[in-house]
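Survey of secondary and tertiary structure
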Amino acid sequence: MDFTISDEHRLLRDEIIRFARNELSPGVIERDRSGVFPRDLWLKCGEMGLQGLPVPEEYGGAGLDPLGTALALEALGYGCEDGGLTFAICAHLLACVVPVWKHGTEEQKQALLPALCSGRMIAVNGMTEPGSGSDAFAMHTQARRNGAGYRLTGRKTFGSNGPVADVALVYALTDATRGYHGGVTAFVVPTASDGFSVGQKFEKMGLRTSPISELVLEDVCVPDDAVLGGVGGGTALFTESMEWERICIAAVHVGTMQRLLEQATSYARTRTAFGRPIGKHQAVAHRLVDMKVRLEASRLLVYRAASRLDHARDIALDASLVKLFVSESLVKSALDAVQTMGGYGFMTEYHVERVLRDAVGSTLYSGTSEIQRNIMAGWMGL
Ligand SMILES: Cc1cc2nc3c(=O)[nH]c(=O)nc-3n(C[C@H](O)[C@H](O)[C@H](O)COP(=O)(O)OP(=O)(O)OC[C@H]3O[C@@H](n4cnc5c(N)ncnc54)[C@H](O)[C@@H]3O)c2cc1C
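Here is a short report on the structure shown in this document. Predicted model only: the values in this text are computed from it and were never measured.

1. As for the overall build of the chain
Looking only at helices and strands, one finds twelve helices and ten strands in the chain. On C-alpha atoms alone, the chain measures out to a radius of gyration of 21 Å, which is about the 21 Å that the 2.2 N^0.38 rule sets for 382 residues. The dimensions of the chain, computed from C-alpha atoms along their principal axes, are 80 × 45 × 40 Å. The buried share of the chain, taken over its 382 residues, is 57%.

What follows is the structure, encoded as C-alpha cells:
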C-alpha cells in the first residue's frame, strides 16, 4: 500500500494548516471558557471549503476523494487548536452533508448542498434519544403518514450544532414493527418548522465551542420529499454516515496527536531538571516514544481505512477499528502530554489540558469504545 502524498494534497494540507493557525486558533482559550460557537470562523471555514471536502464541485464541494478528505481533516486537527470548532465541522460534514450527497435526490442535493458546503446552512444529526444512545435503533421518535407527507413526534438529544442548526437530519420510525430492519427513515427537517424546538442545551467538559442540545419534535409536518434515502432506508444511511464519521474524525485526531507530540517533545528538550533536559530522563523519553508510536499507528490505520472507504465490503470493521484505536490513543497521548509538561501542562495557557478535556469525548461520540469492540467481536464471529 502506497500512501505517498501527491503535490496537490501537500499544497492543500499546507494551506489548511496556515489558515487554521492564523484564523482559527487565536482566542481559543476565551472561547472555550465562555463556550461560544464562533459563527464567523465557521463561515471562514466554509470559504475554505472545509464543510464540503468530499462533495463534488458541481454541488459546491471541494471534490476530494476520501483519502484527500482525511488528509485535509488531519491538517485541520493539526493546525486548529479549537477542537470544538473542528468537531462541529465534522458533525455537520460527516453525519449530515455526506448522507445528503450520497443518498439525496437530485432536487435535494441542489437545494441543500451548496448552502451546506459553504457553511451558510448548519446541520445537526438527530439520532440519539434520551432513552437510546448505544442502542440507537431503540428509538421512540415516530413519523406517521399525514396526507402528502409525514408528522414527526419525538425527542432527540446530544445533537451537535443543535442550538445553531438550520436543518436537522432526523431518524424516525416509519414502521415500529420492523425497527432496525427497514422500519427507520431519515428526514431532512428545517429547524424553523412549526413544532420544532431546540430543547435543553448542554454544557460540556470539552469541545466547549461546539454547541449541543436536544431537538424536540411536536407534530412537525414535512412533505414526502423530506425523506432522505427512501422510506425504510434510515438504517443503511446512518450506518454509512457512521463509517465516514468514525474514519474521518480519527483523521482529525491524528493531526491533534501530531501537535501534542511536537509540543511535548519541544518542551522535554528545553525544560531542565536535575541538571539536564527532562527528555534525557528515560522515563520521560519513553513516554514521548509511546506517543510517537501511537501517532504513526493511528495515521496508518486512518490512511488505509480512508483509501478503502468508498469500495471495501468490510469497511464497517475498519471504521470501528480506527475509531477505537485512534480515540483511545488520543486520550492517552493527551494525558501523556500533560504529564510531560508537569504543572505547566495542567495550566490553561499551555493548551494541552483543553486537548485532554476534548479528547475524553472521542471515546463516547460516534459509538463508544465498548460498542466498537462489540462490532469488531461480531465481525470476528464471537
Ligand atoms: C460530544 C458528543 C457529541 C455527540 N453528538 C451527537 C450528535 O450530533 N447526534 C447524535 O445523535 N448523538 C450525538 N452524541 C451521542 C452519542 O452518540 C452517544 O452519547 C453515544 O452513542 C452513547 O450513548 P449514551 O450516551 O446514551 O450511553 P449509553 O448507551 O447509555 O451507554 C452507557 C455506557 O454503557 C456502555 N454500553 C451500552 N451498551 C453496551 C453494550 N451492549 N456492551 C458494552 N457496553 C455497553 C456504553 O459503552 C457506555 O459506556 C454525542 C455525544 C457526545 C459525547
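2. Regarding the pairing of strand E7 (residues 212–223)
As defined by bridge partners, strand E3 (residues 149–160) adjoins E7 across nine bridges and the pair is classed as antiparallel. Across the sheet, Arg 151 pairs through a bridge with Cys 221, a residue of E7. As paired elements, strand E6 (residues 196–197) and E7 share two bridges and run antiparallel to each other. Directly across from Phe 196, in E7, lies its bridge partner Leu 217.

3. Comments concerning the environment of Gln 372
Relative to the helices and strands, Gln 372 is located in helix H12 (residues 369–379). For Gln 372, a relative accessible area of 0% gives the class buried. Distance in space between the C-alpha atoms of Gln 372 and Leu 324 is 6.1 Å, their sequence separation being 48 residues. Among all residues touching Gln 372, those that are not within four sequence positions of it are Arg 246, Ser 320, Lys 323, Leu 324, Ser 366 and Gly 367. Within the structure, the side chain of Gln 372 is placed 2.9 Å from the side chain of Ser 320, a separation counted as a polar contact.

4. Quick notes on a negative patch on the surface
On the surface, Glu 58, Glu 106, Glu 107 and Asp 225 cluster together to form a negatively charged patch. Structurally, Glu 58 can be placed in the loop between helix H3 (39–48) and helix H4 (66–79).

5. Focus: the packing of aromatic side chains
A complete count under the given rule lists nine aromatic pairs for this structure. Ring centres of Tyr 171 and Phe 238 lie 5.3 Å apart, and the angle between their planes is 80 degrees; this geometry places the pair in the edge-to-face category. You can see Tyr 171 sitting in strand E4 (residues 167–173) and its partner Phe 238 sitting in helix H7 (residues 234–270), a full 67 residues away along the chain. These aromatic residues form a ring-pair network of at least three members: Phe 137, Tyr 171, Tyr 180 and Phe 238. Directly above the aromatic system of Trp 101 lies the positively charged group of Lys 102, at a separation of 4.6 Å from the ring centroid.

6. Structural notes on helix H9 (residues 315–340)
The end-to-end C-alpha separation of H9 is 36 Å, in line with the 38 Å expected for 26 residues at 1.5 Å each. After H9 finishes, the residue Gly 342 shows a positive phi value of roughly 55 degrees.

7. What about the side chain of His 281?
Tracing the chain through its elements places His 281 in the loop between strand E10 (276–277) and helix H8 (282–308). At 3.4 Å, the side chain of His 281 and the side chain of Arg 276 are in polar contact. Residue contacts for His 281: discarding those within four places in its chain leaves Ala 273, Phe 274 and Arg 276.

8. Regarding the site of the ligand
The local shell around the ligand holds 16 residues, among which Thr 128, Ser 134, Phe 158, Thr 368 and Glu 370 are the closest. One of the side-chain N or O atoms of Ser 134 is found 2.7 Å from an oxygen atom in the ligand. In the environment of the ligand, an oxygen atom lies 2.6 Å from a nitrogen or oxygen atom belonging to the side chain of Thr 368. With respect to the detected pockets, the ligand is housed in the largest pocket. Across the shell around the ligand, the residue classes tally to seven nonpolar, eight polar and one charged.

9. Concerning the layout of surface pockets
Here the largest pocket defines a volume of roughly 1300 Å³. Taken together, 45 residues make up the lining of the largest pocket; nearest its centre are Thr 128, Leu 364, Tyr 365, Ser 366 and Gly 367. Elements with a contribution of two residues or more to the lining of the largest pocket: helix H5 (83–103), strand E1 (123–126), E3, H7, H9, helix H11 (352–360) and H12. The greatest single-element share of the lining of the largest pocket, amounting to six residues, is contributed by H7. Each residue belonging to the lining of the largest pocket can be placed in one class, and the counts come to 22 nonpolar, 15 polar and eight charged.

10. Regarding the packing of H5 against H7
Between H5 and H7, the least distance of the axes is 9 Å, while the angle of their chain directions is 145 degrees. As for the relative orientation of H5 and H7, their crossing is right-handed in sense. Contacts from Thr 86, Phe 87, Cys 90, Ala 91, Leu 94, Ala 95, Val 98, Pro 99, Trp 101, Lys 102 and His 103 of H5 reach H7 at Leu 237, Glu 240, Ser 241, Met 242, Trp 244, Glu 245, Cys 248, Ile 249 and Val 252. In terms of residue class, the contact of H5 with H7 is built from 14 nonpolar, three polar and three charged.

11. Some remarks on the pattern of salt bridges
In total, this model carries 21 salt bridges according to the counting rule given. For Glu 23, the salt bridge identified is with Lys 44, shortest N-O distance 2.8 Å. Placement of Glu 23 in helix H1 (residues 7–24) and of Lys 44 in helix H3 is noted, with a sequence separation of 21 residues between them. You can call Glu 23 partly exposed: its relative accessible area is 33%. Across the pair Arg 294 and Asp 336 runs a salt bridge, and its minimum N-O distance is 3.1 Å. Here the residue Arg 294 occupies a position in helix H8, and Asp 336 occupies one in helix H9, the gap between them amounting to 42 residues. Given a relative accessible area of 14%, Arg 294 falls into the buried group.

Cut-off values and rules
Residues numbered from 1 in each chain as written. Predicted model: local features only at pLDDT ≥ 70, side-chain atom pairs only at ≥ 80, totals over all residues. Heavy atoms only, no water. Helix = DSSP H or I, 4+ residues; strand = E, 2+ residues; numbered from the N terminus. Rg over C-alpha atoms; globule rule 2.2 N^0.38 Å. Buried < 20%, exposed > 50% of the residue type's maximum accessible area, 1.4 Å probe, protein only. Pairing = 2+ DSSP bridges. Contact = heavy atoms within 4.5 Å. Polar contact = N/O pair within 3.5 Å; in protein donor to acceptor, adjacent residues only side chain to side chain. Patch = residues over 30% accessible without salt bridge, like charges linked within 9 Å, V, L, I, M, F, W, Y side chains within 5 Å. Areas by Shrake-Rupley, 256 points an atom, 1.4 Å probe, with all protein chains shown as cover. Salt bridge = Lys/Arg side-chain N within 4 Å of Asp/Glu carboxyl O. Lys, Arg positive; Asp, Glu negative; His and termini not counted. Charge placed at Lys NZ, Arg CZ, Asp CG, Glu CD. Phe/Tyr/Trp six-rings, centres within 6.5 Å; stacked < 30°, edge-to-face > 60°. Lys NZ or Arg CZ within 6 Å of the ring centre and 35° of its normal. Expected span 1.5 Å × (residues − 1). Near = heavy atom within 4 Å. 1 Å grid on protein atoms, 1.4 Å probe; cavity = no way out; pocket = protein on both sides within 12 Å on 5 of 7 lines; lining within 4 Å. Sits in = over half its atoms within 2 Å of the grid points. Nonpolar A, V, L, I, M, F, W, Y, C, P; charged D, E, K, R; others polar. Points joined across faces, edges and corners; volume = space filled by probe spheres on them. Axes fitted to C-alpha atoms, helices over the stretch in contact; angles between N-to-C directions. Left-handed = near helix turned anticlockwise from the far one by under 90°.

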